Amino acid sequence: MLSVLRVHLPSDIPIVGCELTPYVLSRRPNKDKSVISEDVPESAPVDGYFLRYKWYRIQSDKKVAICSIHPSEQATLQCLGCVKAKIPVAKSYHCSPKCFSDAWQHHRALHERAASVVNENGNDEEEIFGRFNSTGSGVINASLTPSQSSGSLANGTTPLYPAAVTQRSGGETWFEVGRAKTYTPTADDIGHVLKFECVVVDAETKLPVGPASTILTSRVIPAPCPTPRRMFSVSGVDIPGHLDLDGRLSPSGTFTVLSYNILSDAYATNELYSYCPSWALSWTYRRQNLLREIVGYRADIVCLQEVQSNHFEEFFAPELDKHGYQALFKRKTAEVFSGSINNVDGCATFFRRDRFSHVKKYEVEFNKAAQSLTDAVVPIAQKKTALNRLVKDNVALIVVLEAKFSNQGVDNPGKRQLVCVANTHVNVQQELRDVKLWQVHTLLKGLEKIAASADIPMLVCGDFNSMPGSAPHTLLALGKVDPMHPDLAVDPLGILRPPTKLTHQLPLVSAYSSFARMGVGLGLEQQRRRMDPNTNEPLFTNCTRDFIGTHDYIFYSADSLTVESLLELLDEESLRKDTALPSPEWSSDHIALLAEFRCKPRTRR
């Protein structure tokens, strides 16, 4: 007879909106008693038996409040100022006086923003702060995993059915909430323990055989949600509706571009990010949190880095397709990587089908360029050494898009508006300065060829693993590198000589440097304090316990595009005291960059 050997959950803490799929180990009723982890559904029984699953919610007569800072802890105190300001009650709870004290600088911002919104706009705080409710996570509460009422529940592949009260005992009520192996906690489950039940069933009689295997979860917690990031106009005036990014529509002639290193699950280990709770580091949690954030920005073009192949195919492509995006992907080459090909990450570019159409795709494999380079300039005796240094599997994805909008007017009727978008992830090893610079130079030379063949604006996005002022950044921003730049001292293969060849003719400018050129205003002054005055770049886009600095950029062609607005930068106060990334609120160790551009009217040549 089929028997269940073991049942356990992959995550310590259940979170609203994040799927729970227990690991069920069973033994087949054959001669060798083989052990399997695959599902045994009613539609495919094994020797006349299948597995039946049920989920229950335990509701106690005693209400339990959850700490807004540490959602795995029970609250012991409440901020009365939140209650008076009509900030949603979930934000008012704290687990200890120290918790409240440590979070005060961040918490006070909620009060100040609530007050400023009322003073400036006359809006009800609840209207503005409603997005901070317990079901949200990320910038926008997109309807990805909506809470359903207890009267009509559906989870997994189970059809709608009434929730059943199965037991009342000792001040507790047990509700049946799911009949599939996978269950997604809803807002109704917050603060409650869930019970998973697995039982072997006779396929003929439909009756259980033997005792059920069960497991209890800890209390369900709400998905943490950070304060939404605002868009700032280059004119110094906040964009109308900046607290509601999901409701913004790009005006005619403008479009938005997002660049974001989302942190591959293969790299998100407890060893590297020991400060992040294990439940917040799990992929089942992070993928939903990242999706909410990405969808919430409503960018017309999305450039993601560190996207695993299987996650692109199974999650991001189909999920973003639901929101109107077409997807393109370039996986890293695998000469260096050993292991499952599904774990190899790459660059993924998405664009809104109602705003752009796909014209052409170019794939840049720096390994192929390395092979060509060594064949041409490296002596045979040094070829193996050269390849060992240059072959690092990094890639770039270049996409040419045609806009379905225009601001050209009657002077250019029927004129196509093309945009070329490069998405790349440059080598991470800091000691390989020559390799980083060579990869960036190779990419720029490829983009120059595209620019020479068409009158086309350029966008160069990605994680360049290069600090502002480094040789790769200087080449991108200035079009050349000073021969005396210290990075050029690292060139054991001689691939950077002569330094005069390290140039390009593309009129590229960093989008976020626009903050330094903006007008006046309290918000803009705050943003400038988050910029490096020497390089006009953000103080950081990558923040871990071991490193804080800027590696991510959006460069654009200044002769054909203008920056209209930028997504605000985070600061240490926004990330809370002593907190690094990733965190329960932000699911990557990088922060997203978002810029809005306008195509300049083109003159006839």
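Residues numbered from 1 in each chain as written. Predicted model: local features only at pLDDT ≥ 70, side-chain atom pairs only at ≥ 80, totals over all residues. Heavy atoms only, no water.

Under the annotation held in an unreviewed UniProt entry, the chain carries the name poly(A)-specific ribonuclease and is attributed to Anisodus acutangulus. Of the comments in the UniProt record for the chain, the one headed Sequence similarities (unreviewed entry) reads "Belongs to the CCR4/nocturin family." (UniProt positions renumbered as here; feature names shortened; annotations may be inferred.)

Attention shifts here to the overall build of the chain. A count of helical and extended segments in the chain gives 12 helices and 27 strands. Looking at the chain residue by residue over its 605 residues, the buried ones come to 55%. Within the chain, residue pairs in contact and separated by at least 24 positions form 73% of the contacts whose partners lie at least 6 positions apart. Only carbon and sulfur atoms are counted for the fraction: they give 51% of the accessible area of the chain, which is about 26300 Å². (Helix = DSSP H or I, 4+ residues; strand = E, 2+ residues; numbered from the N terminus. Buried < 20%, exposed > 50% of the residue type's maximum accessible area, 1.4 Å probe, protein only. Contact = heavy atoms within 4.5 Å. Areas by Shrake-Rupley, 256 points an atom, 1.4 Å probe, with all protein chains shown as cover.)

Attention now goes to the nonpolar core. Core analysis: the biggest nonpolar cluster contains 66 residues, and F255, I294, I301, F350, F356, L459 and F597 have the highest contact counts within it. In terms of residue count, helix α6 (residues 283-297) provides more of this core than any other element does, 6 residues in total. If sequence neighbours within four positions are ignored, F597 has contacts with G253, T254, F255, V257, L459, A511, I554, Y556, L561, T562, V563 and E564. Of all hydrophobic cores here, the second largest spans 42 residues; its members include V378, L437, I450 and V481. (Core = buried A, V, L, I, M, F, W, Y, C linked by side-chain atoms within 4.5 Å.)

This part covers the sheet that holds strand β18 (residues 418-425). Taken in spatial order, the 6 strands make up an open sheet running β16-β17-β18-β19-β25-β20, and their pairing is mixed. The open sheet has two free edges, formed respectively by β16 (356-365) and β20 (508-510), since each of these has just one partner strand. Pairs of neighbouring strands in the sheet enclose a mean axial angle of 20 degrees, with direction left out of account. Inspection of the sheet shows β16 paired to strand β17 (residues 395-403) by 9 bridges, in the antiparallel sense. For V364, the partnering residue across the bridge sits in β17 and is A396. Along the sheet face, helix α8 (residues 366-377) touches β16, β17 and β18 and points at about 45 degrees away from the line of β16. (Pairing = 2+ DSSP bridges. Axes fitted to C-alpha atoms, helices over the stretch in contact; angles between N-to-C directions.)

As for its placement among the helices and strands, E448 is situated in helix α10 (residues 433-453). Overall, E448 belongs to the buried group, its relative accessible area being 17%. In contact with E448, other than residues within four places in its own chain, are H504, Q505 and L506.

A few words now on the sheet that holds strand β2 (residues 23-27). Strand pairing in a sheet is mediated by backbone hydrogen bonds. Such pairs are either parallel or antiparallel. In spatial order, the strands read β1-β2-β3; together these 3 strands make up an open sheet with antiparallel pairing. If you trace the sheet from one side to the other, it starts and ends with β1 (3-8) and β3 (35-36), each paired once. Bridge analysis of β1 against β2 gives 5 bridges, and the strand direction is antiparallel. Looking at the pairing, V4 lines up with S26 of β2.

So, on to the packing of aromatic side chains. In this description, a pair of aromatic rings is defined by centroid distance and the angle of the planes. This structure, assessed with the given rule, holds 21 aromatic pairs. With 6.1 Å between their ring centres and 65 degrees between their planes, W283 and F316 make a pair best called edge-to-face. On the criterion of sequence distance, the pair formed by W283 in helix α6 and F316 in helix α7 (residues 309-322) is long-range, its members being 33 residues apart. Consider the rings of Y512 and F515, whose centres lie 5.8 Å apart with planes at 65 degrees: the pair is edge-to-face. Here Y512 falls in the buried class, since its relative accessible area comes to 1%. (Phe/Tyr/Trp six-rings, centres within 6.5 Å; stacked < 30°, edge-to-face > 60°.)

Turning next to helix α9 (residues 383-390). Turning to α9, its buried residues are A386, L387 and L390. Relative to the axis of α9, the buried residues are bounded by an arc of 95 degrees and lie together on one face. Away from its buried face, by an angle of more than 90 degrees, α9 presents the exposed residues K384, T385 and N388. Looking at the buried side of α9, the elements it contacts are α8 and α10. (Arc of directions from axis to C-beta.)

It is worth spelling out the pattern of salt bridges at this point. What the rule picks out here adds up to 24 salt bridges. Between K361 and E363 there is a salt bridge whose closest N-O contact spans 3.1 Å. Since its relative accessible area comes to 41%, E363 is described here as partly exposed. Residues joined in a network through salt bridges with shared partners are K330, K361, E363, E365 and K368. (Salt bridge = Lys/Arg side-chain N within 4 Å of Asp/Glu carboxyl O.)

Packing of α10 against helix α11 (residues 471-478) brings their axes to within 8 Å, and their N-to-C directions diverge by 25 degrees. Classed by the angle they form, the pair α10 and α11 counts as roughly parallel. Seen from above, α10 lies across α11 with right-handed handedness. Where α10 approaches α11, its residues K436, L437, V440, H441 and L444 are matched on the opposing element by A471, P472, L475 and L476. Class assignment of the residues belonging to the contact of α10 with α11 gives a composition of 7 nonpolar, 1 polar and 1 charged. (Parallel < 35°, antiparallel > 145°, perpendicular 65-115°, else oblique. Left-handed = near helix turned anticlockwise from the far one by under 90°. Nonpolar A, V, L, I, M, F, W, Y, C, P; charged D, E, K, R; others polar.)

Turning next to the pairing of strand β27 (residues 593-599). Along β27, 6 of the 7 residues are buried, which leaves the element largely enclosed by surrounding structure. Bridge analysis of strand β12 (residues 254-261) against β27 gives 6 bridges, and the strand direction is antiparallel. Each bridged residue has a counterpart across the sheet, and for L258 the counterpart in β27 is L594.

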